[in-house]
Amino acid sequence: MPTKELLMIPGPTPVPDRVLRAMAAPMVNHRGEAFAKVFDEVTVGLKKLYLTDHEVIVLPAAGTGGLEAAVVNFLSPGDRVLALVTGVFGERWVKIARAYGAEVEVIETTSGQAADPPELARRLANDPSGEIKAVLITHNETSTGVTNPLEELAAAAASHPALLMVDAVSSLGAIPLRPDAWGLDVVVTGSQKAMMAPPGLAFLSVSPKGWERAAAATNPKFYWDLTTYRKQIATRQTPYTPAVSLWFALREALAMIEEEGLEAAWGRHALLGRMTRAGVRALGLDLLADPDYASDTVTAVQMPAKLEAKALRGELRKKYGVVTAGGQGKLTDSIFRLGHVGWVDPKDILQSLAALELALDSLGHSVVLGTGVAAAQTVWKEAG
């Protein structure tokens, strides 16, 4: 039995020791100067991470709570909405919008394929009166290991008045994302992925156009009313009791990201993605995602014939201490997923691939031990 586990799922992700220690700091008065100082540092750090000049709202919620807050604040019952669905989390956007009375039209891709900017442009061109009020986009679809071409999608929608609302829960901080430069109106993320903090905080950046729409939105809201949170920014406080310990953790995690450098973090995740994909392919396994749009935060691997995903994942965890994720929805039995986001480095990829080779071998799948590791090592070496 392994003495420790290596968490290689797309979230929650490993939390650095210094972030964990920050959470253990004594509690402070959330209406006093001590918390106000934390509020200031986090506010600055989030703007740098988002590459935005606009406010970033912090909510005590998981990423799904952030998505719901976006729907509640920027849409009204009866609004027509266009959703680009490339997997389970795109479907979640649709469910939330429909729960609040939006009329949602879906453009769905085949599993492993990315959303198509020309198709989006054609659909919006057929809406000259601007009846579509928002476009819902999942930047990085963790259920399929696909990163959608967000900059191109935003450009395709630039001439239409619809809000661009983006689920960046598994991308922001790990994959290039420029909300202001790309004209994104609402960008949602969470603390438990690239931010290297525990689950429990959600974040939304909002453009001036987004705030204009919020003023006219008619969905009922109280706790999720973002205008209340926005007003409180000037007081350096939150409107309701914050998750103080998570704010301590977040401040430390943001400091770590700044020390590494945001573009360096993007580069590290790109390297991890290349290493993982090279190692998996060297073992003769197929990837689900279109190679041109493969995610740098999670790799979805198709199961070889005669092997069960549940058995392989169990072997990885029980014998070798590597925790992976299963497929979701219709992909439950056909793929497994290796996460490589947040506090992960190339050595973790090599360990995971070595364990994968051994697990495949022990389950009777023909594999030459060391092949996947060697392929990943080559990628790492070539990266310098």
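Cut-offs and rules
Residues numbered from 1 in each chain as written. Predicted model: local features only at pLDDT ≥ 70, side-chain atom pairs only at ≥ 80, totals over all residues. Heavy atoms only, no water. Helix = DSSP H or I, 4+ residues; strand = E, 2+ residues; numbered from the N terminus. Pairing = 2+ DSSP bridges. Right-handed = clockwise from strand over helix to strand, strands pointing away. Contact = heavy atoms within 4.5 Å. Core = buried A, V, L, I, M, F, W, Y, C linked by side-chain atoms within 4.5 Å. Buried < 20%, exposed > 50% of the residue type's maximum accessible area, 1.4 Å probe, protein only.

Chemist: Account for unusual backbone geometry, naming residues and giving values.
Modeler: For the bond running from Gly11 to Pro12, omega is -5°, close enough to zero to count as cis. Position of Pro12 relative to the elements: it lies in the loop between strand S1 (6–7) and helix H1 (17–23). Although it is not a glycine, Lys306 sits at a positive phi angle of roughly 75°. Relative to the helices and strands, Lys306 is located in the loop between strand S11 (298–302) and helix H12 (309–320).

Chemist: Quick one: what's the story with the pairing of strand S4 (residues 103–108), residue by residue and with numbers?
Modeler: Bridge count between strand S3 (residues 80–85) and S4: six bridges; the pairing is parallel. Residue Val81 lies in a different strand from S4, and its bridge partner there is Val104. Read from S3 through helix H4 (residues 88–99) to S4, the crossover connection turns out right-handed.

Chemist: Explain the environment of Glu260 to me, using residue names and the numbers behind them.
Modeler: Tracing the backbone shows Glu260 in helix H10 (residues 244–260). In contact with Glu260, not counting residues within four places along its chain, are Ala265 and Arg268.

Chemist: Can you break down the environment of Val58 residue by residue, with the values?
Modeler: In this structure, Val58 sits in strand S2 (residues 56–59). Residues Val58 and Ser191 lie 133 residues apart in sequence; the distance between their C-alpha atoms is 10.0 Å. Apart from the residues within four sequence positions on either side, Val58 is in contact with Leu46, Leu201, Ala202, Phe203, Tyr229 and Trp247.

Chemist: Before we move on, could you go through the nonpolar core and cite the residues and values that matter?
Modeler: Residues Leu120, Val135, Leu184 and Phe203 are the most contacted members of the largest nonpolar core, which totals 51 residues. A total of 10 residues in this core trace back to one element, the largest contributor, which is H10. Ignoring sequence-local partners within four residues, the contact set of Val135 consists of Leu82, Leu84, Leu120, Leu124, Ala162, Leu163, Leu164 and Met165.

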